[in-house]
Structures are given as C-alpha cells and as structure tokens.
Amino acid sequence: MGNSDTDRKASYEDASGEHGEVVSTISSSRNPLQPPDTSSEEPFTTYFDNKIPIPEDETHSCFSFRKLWAFTGPGFLMSIAYLDPGNIESDLQSGAVAGFKLLWVLMLATIIGLLLQRLAARLGVVTGLHLAEVCNRQYQKVPRIILWLMVELAIIGSDMQEVIGSAIAINLLSVGKIPLWGGVLITIADTFVFLFLDKYGLRKLEAFFGFLITIMALTFGYEYITVKPSQEKLLKGLFIPYCQNCGTTQLEQAVGIVGAVIMPHNMYLHSALVKSRQVNRANKREVREANKYFFIESCIALFVSFIINIFVVTVFAEAFFEKTNADVNGVCMNASSPHSSLFPNNNETLEVDIYKGGVVLGCYFGPAALYIWAIGILAAGQSSTMTGTYSGQFVMEGFLNLRWSRFARVLLTRSIAITPTLFVAIFQDVEHLTGMNDFLNVLMSLQLPFALIPILTFTSLPSVMNDFANGLFWKIAGGILILLICSINMYFVVAYVMSLNHVALYIGAAILSVIYLSFVVYLALK
C-alpha cells in the first residue's frame, strides 16, 4: 500500500486527536498523511453539523436505556438499505417462486449483513474515519480510483431501483395518470427537499426516517394481516435450511436474496453515520461502550427490517405461490381490474415485480390492498433514495477528497446516479422492468467484494484499529465469506450471460471476469 505500519498508525492517531479531544464529524479534504493546510477555509460537513452528546449514567454501569437512546439513529438509517424497493421485489419474487422455502436464506443473509455492519460501525468509531476515507489513506491512486468507480456503480444500480420503485408507487397511486418519468422527477425533487431536513437538527432527520420505517411496517403489516399466511409454514421456512423440490429458478432466487440484502455501499454509509455521536476515541472505555450500543441498535434496527421483509415474502408465498397467469387473469377480470391484460391467459407460472405485485394484491384483496401496497413502496423508495444520496456523498468525498459547497456536492452525486435512471424511465415501459432489475441485482452483487475486502482488511489491521483489531476468527470467517460471495457472483454472472444466448457476450463476459477476479485478488492480498 506504499506506507509503513508506523506511518499509518501515526496518521490515525493524528486523525483521532493527540490528547483525546472530540474530533469534528467532518469529511476533511486534507489527507492526514500530508501536512496541514493552514490556508484552508472552515471545515464543511456532509450531513451533521454537531455531534450528539452521550449522557453520563452512573447508576447503570452495564446498560443504560438513556445511552442506547442517544446512540439510536445510525443503525435505523443503515437498515433502510434492507428495505429498499430492490429488496421488496426480491422478497415478493421469493414468495411467488419458492413459497416459504427460502425464508431461512433471508434470515441468514440478514445475520451476515448485521455482522458486516458491526465491522463498519467499529471502523468509524475507533478511527474517526469512514470507510471511503480509510481507503483513500490506504490504497494508492490507481486502485483507489478503480475502487471508487466500482462502489459508484453499486450506488447507481441501487439508486435506479430505489427511484424507479418510488416512481412505480406514484404511478399506482395516481391510477396510471403520472408516467414513470414523471414519478422519477417528483422523487428527485422531493429528495432534495427532504435532504435539507438535517438543517433543523440531526435528531429530527433521524425521526423522519423512523416515521418512514413505521409506514412500511404498518402498510406491509396490513397486507400480512389481510392475507393471513400459514404460521406453521412460516416457522418451518425460517428454521429448516432446506428447499424441497427446488430447481434452478429457486437457486437463482436464493442468490438474488443475498445480493439484495447485503449492499456494498451500505457499509460505507454506516461507517460514516456513527461519527455523529460524541465519543472520545482516546478513551478505550468510551470506544468500547460506543461499539456495544451501536451493535445493540443495529440488532434492533435489522430485526425490524427482517420482520418487514418477512411480511412481504409470506404474503406472496401464501397467496401467489404456484399460481399461473390464467389464474390471476380470471380473478382480475372478475374484479374488473384495468390491469388484467398484464397477465396473459396461459398456464405459465406467474411472474411478479413491484408493479405487478401491487396489481395482483388489488385483484385478490381489493383496491385498498393495492393503494396501501403503493404507499409502503413509496416510503421504501423515498427513504432509501435519501440514504443512497448520503452514501454517494460520503463515498465521493472520501475517495476523491472533494471540497465543494454542500449544494454542489449533492447536485453532482445525484446527477451521476439519477441520469441513467431518468433515461430508463423515459424509454422503458412501467410494465416491463423486471429484466432491468435482474441486471441491477447482478451488478450490485458483483460489487460486494469491493466493500467486504476493505472492511475486513482494515478492521483486522492493528495499525488502523489499535487494540480493537479483529481476532483470528474474523480473519478466517471473512476469508471464507469473500470466497463464498465471489463464487456466488461467478455463478450469477454465468447464469445471466448464458440466458442472453450470444457468443460475443460470452467472450466479453469471460474477459471481464478475468479482470474482475484479478482486481479482487489484488485487494485481498494488498
């Protein structure tokens, strides 16, 4: 990496403050490996102007609800990535394709995600730097730029699903009067408005995200109560890791669940969000305490997101597993649904996405089910679009050391992510987006090593983490996880490319795979 361990350790001690003073939660444009720039202007902030103080609670030394409440916020913002429209679509497709049989995969993926988020939070707490800033200090220029581009691709792919998810919800709520591109423009506009809520205080912003998560819980919970899934099948699907009579379709869906749940840019986001709490990093007790409460908060937040995901999977597993297009077409015709033409009158297995999922719910359980579903999707899309914006800002500032005005940074990061989304919305029909989502899931799954390898590497380095470096277990488990993810990715890519049936694409995919694996190996060995 071009720097000695001694230099690196000095840079982190410099970033943490020599005498344990509280360090401002800023994304500084100065690399701590370089001498300070005395002519620089006032530091700028990404989304938190001040740190939230942690109250002292002498009466409860082991655990304090007051302290947990003070640390609550970053984990719930992070958990929104587990509830974005891409995840919701993966959930409903899992239920429709495999019934209750893949619930254990969802639970396992969520647990793995929790452990990775724990590492991301620890990195931010211990070093006072988020993952993109640490990458900036640890990697040389060329691999750093490539890594940034890979993470940026993941953010763009995620953003396309989130914004288009919101646009689909708006289209459903307006009974088709607002086209897809109109919904995209509305989502972009209101995202800019909501992003400046932090001017009124970070806690108010976090409360707004909490409100959106509550809307998702209520709306998808309503669908769950309406459909009344089998509790026996639910428990069996959760705790028996087996998929009876499953074929290639179900296997690909299981792989898709992992790719949808564990999102690469979310680790960059979480490592930055934890910097919003006032922790004296020179005090090991405070650092240890912060790590403990952030982990507890992450457990609660991801448990809530897991329950919401279960609502969606089980609703579609109970109501639409093994249904054919003809079954749905007949019900929609009887319900006088204007969308019955979406489902041809044949015996092929029903294929659903976010749009068709809402339509099918409306046909079977009435218009209320359709509109409540759309409200839940809108909350999911809007909240995840906002956290995606923060991810884009942190990643770009950390990797590139940008020092621009707040508005310019938001405008640039949004433009990079939104432009391809707008083109898709203009030229693609709202009823034919499933193919695009399959491609985006493959794209994001491919980007996972570019978050996993840095986070596992840096949290294992004593020169970065001091006394809080990972032990042998995490190093072995991390290596196995990276191998597993890369194997799954290669399977996913091969299956996707083979389905395209074109020799030129086979050759191109083979060349890109070699380049991809070479860079992954470089990062792993660096």
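Residues numbered from 1 in each chain as written. Predicted model: local features only at pLDDT ≥ 70, side-chain atom pairs only at ≥ 80, totals over all residues. Heavy atoms only, no water.

Some thoughts on the overall build of the chain
Scanning the chain for helices and strands turns up 22 helices and zero strands. Counting contacts in the chain only where the partners sit at least 6 residues apart, residues at least 24 apart contribute 82% of the total. Summed over its atoms, the accessible surface of the chain is roughly 21,700 Å², and 65% of this surface lies on carbon and sulfur atoms. (Helix = DSSP H or I, 4+ residues; strand = E, 2+ residues; numbered from the N terminus. Contact = heavy atoms within 4.5 Å. Areas by Shrake-Rupley, 256 points an atom, 1.4 Å probe, with all protein chains shown as cover.)

Description of the environment of V255
In this structure, V255 sits in helix 11 (residues 248-261). Sequence separation of V255 and I485 is 230 residues, and the distance between their C-alpha atoms is 9.5 Å. Not counting chain neighbours up to four residues away, the residues in contact with V255 comprise I488, Y491 and F492.

So, a nonpolar patch on the surface
A contiguous nonpolar patch, built from W181, L185, F423, I426 and F427 and spanning about 570 Å² of accessible area, is present on the exposed surface. Of all the secondary structure elements, the ones that give two or more residues to the nonpolar patch are helix 8 (180-195) and helix 17 (406-427). The element contributing the most residues to the nonpolar patch is helix 17, with three residues. The topology assignment puts L185 in helix 8. Here L185 falls in the partly exposed class, since its relative accessible area comes to 39%. (Patch = residues over 30% accessible without salt bridge, like charges linked within 9 Å, V, L, I, M, F, W, Y side chains within 5 Å. Salt bridge = Lys/Arg side-chain N within 4 Å of Asp/Glu carboxyl O. Buried < 20%, exposed > 50% of the residue type's maximum accessible area, 1.4 Å probe, protein only.)

Some thoughts on the packing of aromatic side chains
The final tally for this structure, using the stated rule, is 17 aromatic pairs. Relative to Y522, the ring of F519 has its centre 6.2 Å away and its plane inclined at 10 degrees; by these criteria the two rings are stacked. Separated by three residues within a single helix, F519 and Y522 lie in helix 22 (residues 503-525), roughly one turn from each other. The class for Y522 is partly exposed, based on a relative accessible area of 30%. Feature note: the residues F220, F316, F320, Y364, F365 and W373 constitute an aromatic cluster, connected by ring pairs. Above the ring of F295, the side-chain terminus of R118 is found at 6.0 Å from the ring centroid. Above the plane of the ring of W69 lies R203, whose end atom (NZ or CZ) is 5.3 Å from the centre. (Phe/Tyr/Trp six-rings, centres within 6.5 Å; stacked < 30°, edge-to-face > 60°. Lys NZ or Arg CZ within 6 Å of the ring centre and 35° of its normal.)

Some remarks on the state of the cysteines
This model, assessed by the stated rule, comprises two disulfides. Here C243 engages in a disulfide with C246; their sulfurs sit 1.6 Å apart. Across the disulfide from C243 to C246, rotation about the S-S bond amounts to roughly -55 degrees, and the bridge is consequently left-handed. C243 gets classed as buried once you look at its relative accessible area, which sits at 19%. With its sulfur 2.1 Å from that of its partner, C332 forms a disulfide with C363. Linking C332 and C363, the disulfide has an S-S dihedral of approximately 105 degrees and is accordingly described as right-handed. Residue C332 is located in helix 14 (residues 325-334), and its partner C363 is located in helix 15 (residues 354-365); the two are separated by 31 residues in the primary sequence. The same class applies to C332 and to C363, which are both buried. Cysteine pairing for the chain, with bonded cysteines counted in sequence order: 1-2, 3-4. (Disulfide = S-S within 2.5 Å.)

Brief notes about the environment of V315
Checked against the element boundaries, V315 lands in helix 13 (residues 284-320). Since its relative accessible area comes to 2%, V315 is described here as buried. With 215 residues separating them in the primary sequence, V315 and F100 have C-alpha atoms 9.7 Å apart.

Describing the side chain of E133
Relative to the assigned elements, E133 resides in helix 6 (residues 131-138). Judged by its relative accessible area of 3%, E133 is buried. A polar contact of 3.2 Å, which involves the side chain of E133, links it to the side chain of K275. (Polar contact = N/O pair within 3.5 Å; in protein donor to acceptor, adjacent residues only side chain to side chain.)

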